[in-house]
Amino acid sequence: MPDLVSVDDLTEKQAKAELARLAVEIRAADAAYFQDDAPHMDDAAYDALRQRNLAIEARFPELKRKDSPTDRVGAAPAEGFAKARHAAPMLSLDNAFSDEDVVEFAARVRRFLGLPADETLALTAEPKIDGLSLSLTYEDGVLIRAATRGDGQEGEDVTANARTIADVPEKLGGSGWPDRIEVRGEVYLSHEDFAALNAREEEAGRKTYANPRNAAAGGLRQIDAEITRTRNLKFFAYAWGLVSGPFAETQTEAVAALASWGFDTNSLFARHEAVEGLIDAYRAIEADRAALGYDIDGVVYKVDRLDWQARLGFVSRAPRWAIAHKFPAEKAITKLEAIDIQVGRTGSLTPVARLTPVTVGGVVVSNATLHNEDEIARLGVKPGDTVEVQRAGDVIPQILRVVTDGGGEPFQMPQRCPICESAAIREVDEKGEEDVRRRCTGGLICAAQAVERLKHFVSRKALDIDGLGAKQIALFYEKGLLAGPQDIFRLVSRIEAAGLPPLSEWEGFGETSARKLIDAIDARRQPDFDRFLAGLGVRHVGETTAGLYARNFISWDAFWGAVHAAAEEGEEGEAFAALTAIDGIGATAARALVAFVREPHNEEMMTALLSEVSVQDAEAASSDSPVAGKTVVFTGALEKMTRDEAKARATALGAKVSGSVSKKTDLVVAGPGAGSKLKKAEDLGIETLTEDEWLDLIGV
Ligand code: IVH
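This one's a predicted model, so the numbers in the text were calculated from it and none came from an experiment.

Q: Before we go on, may I ask you to explain the sheet that holds strand 5 (residues 142-148) in this structure?
A: As a general point, the strands of a sheet are linked pairwise by backbone hydrogen bonds and lie either parallel or antiparallel. Spatially, four strands are ordered 5-4-7-8 in an open sheet, and the strand pairing comes out antiparallel. Each edge of the sheet is formed by a strand with only one pairing partner; in this case those strands are strand 5 and strand 8 (234-243). Sheet twist, expressed as the average angle between the axes of neighbouring strands with direction ignored, equals 30 degrees. Two strands pair when backbone bridges link them, and strand 4 (residues 132-139) and strand 7 (residues 180-188) are joined in this way by eight bridges, in the antiparallel orientation. Within strand 7, the residue paired with Leu136 across the bridge is Val183. Sheet contacts for helix 8 (residues 251-260): strand 7 and strand 8; angle to strand 8, the most-contacted strand, approximately 120 degrees.

Q: I would appreciate a short explanation of helix 8 in the present structure.
A: All of the buried residues in helix 8 are Gln251, Ala254, Val255, Ala257 and Leu258. All buried residues of helix 8 lie within an arc of 155 degrees about the axis, which places them on one face of the element. Residues of helix 8 that are buried make contact with strand 3 (123-129), strand 7, strand 8, strand 10 (296-303) and helix 10 (306-312). With its phi angle positive at about 115 degrees, Gly262 sits one or two positions after the end of helix 8.

Q: It is not clear to me how the site of the ligand should be interpreted in this structure. Could you clarify?
A: Neighbouring residues of the ligand: 15 residues in total, closest Glu126, Ile129, Glu186, Tyr238 and Lys302. In this structure, an oxygen atom belonging to the ligand sits 3.2 Å away from a side-chain N or O atom of Lys128. Contact with the protein chains hides 87% of the accessible area of the ligand, taken as 530 Å² for the molecule alone. No other element matches the four residues that strand 3 contributes to the shell around the ligand. Of the residues that constitute the shell around the ligand, the class distribution is eight nonpolar, two polar and five charged.

Conventions and cut-offs
- Residues numbered from 1 in each chain as written.
- Predicted model: local features only at pLDDT ≥ 70, side-chain atom pairs only at ≥ 80, totals over all residues.
- Heavy atoms only, no water.
- Pairing = 2+ DSSP bridges.
- Helix = DSSP H or I, 4+ residues; strand = E, 2+ residues; numbered from the N terminus.
- Axes fitted to C-alpha atoms, helices over the stretch in contact; angles between N-to-C directions.
- Contact = heavy atoms within 4.5 Å.
- Buried < 20%, exposed > 50% of the residue type's maximum accessible area, 1.4 Å probe, protein only.
- Arc of directions from axis to C-beta.
- Near = heavy atom within 4 Å.
- Polar contact = N/O pair within 3.5 Å; in protein donor to acceptor, adjacent residues only side chain to side chain.
- Areas by Shrake-Rupley, 256 points an atom, 1.4 Å probe, with all protein chains shown as cover.
- Nonpolar A, V, L, I, M, F, W, Y, C, P; charged D, E, K, R; others polar.

Spelled out as structure tokens, the structure:
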């Protein structure tokens, strides 16, 4: 580290840079100390950093940063907790917004299970608590861990804090609990405790919380569990993750069991035998909403029978057996100040409304999406107008209508990209229909697209590189260090080649943070197949499609080979067929991949990128199943389950389900009435099974 300039001699510019550096250094030191239990400096060195920060702030009070270490004791909450992997993923819920959606949900469940019309489908209804979910692991009836949801697979270990919540039993009471169980539910704050907390915060001159949900989240993620205790958080139990053995046959029984072990369960929980009952319950809970004393944002319906829940399973991240019926979104009136254009990863130009900030349902809204120029025309909205905005849950706020005309000029969508000035056009598809989105044609020369693509590549759902976020990408790009994703892995040498000082000497970086960033990048040199593919940002190949390709091809090389073969042979060839033979993947994704590799720039980029990383082969979804990795075709009538259920079950076990029989088929499950497919299978010598034999094989 260069010799430090004494605080008294610092210029304002140097002081600003120093405060930025110190903020990063101290945060890194805190994280090492609190989170990793591995301090990388001694106490004296640490104190010196804090002293210096304090002295600079005293001399230049106006330069004090919003994230100043002076205002923080310990690590920032987000960095202060160890990671905790859930034994069973924490799912989210699909939403219903109307009575029709609920009717359709019940019908879908019936269809999937193949229930006859006279069979009762019992469903439960309960409030959807607006808090944050928590998973409590009990072993032999004793709480051993509490974890937040995180990304659903891995959350934060908040055990010490959860132990301060009165509603979280340290030991389970009653009897009949499984040896090991993950009890799940919602941490929330009552309106009363929320108001009291904000009053205390205000008195102490600290920032108040926007809503009880944020306050509950802040309370649970305190470094000091004693602060959590003062928040008076509450907990409703409503679900479970992994259990060592069955403990109930229905949702109703399960919730009663949770209550008997000492958990608080919601008193409005009820079982209904018809959809009409659910809708009535929704209306009653909605009417009661203001009087409940805590925030709720809808009503959750769940299939009561647990054996049916198991058969229904889940799609991507939400169970097929439950749905959240949301209350109508909250609305507010404000002024549209201006319309800005954002350029996305695929070049699409999105008009964004800049609003006079307004509180909608407890959250300050200052931007809303306008989607595209057709939407602007439909709304007839112009800068200067007063508009009604709506915010529903976590979705981006939307403009509903113009309330009063501000007399301004109509908005003109730019015909050129505001970033690179290339023509921005609306593509016309094969059917002669115009795309609603206008896209920049600049492709690789467009800085906005390049930056968005890079951000996407390192984002949480793709390579997930710690410490490399939007800000850093923009900075490195601006300095000309990143022409494509491959350069992320060449950052150190690119910096050197550009004649720039090493990263550790840059403003905002220190020895520690620079090293951490480079380590985080190196840690991603063996990316997972699905994350890597999703990160490339090929159009129509998102997270779900990438996951399907990974699970079906297993080997990246085999997959990438198939894409190249398809690019050579065209759509009639075998390779293209292989890319589209997967349930859930259509020709659009395969075409987009082919178009991607046919573009020479992309090929060059991929060659460079693949010389830096080695993509890991995927694992079959369930390698211990005898059907994992096998290609299965169902034909004829099935009698024990619907076709959808059979397919879903097979896919969940790691099999590929295909619609047609070919040399690549491993198994054909044939029911009564099977015709040409069965014949073809026999001709090709492919193993055929009856439905019962199939069920035996998969262990049902
Ligand atoms: S059941 C497998 N029940 O809503 C289904 N969730 O949007 C697990 N939530 O992550 C959820 N109240 O945090 C369930 N009564 C309730 C709920 C509830 C609130 C939250 C939960 C979940 C989110 C999904």
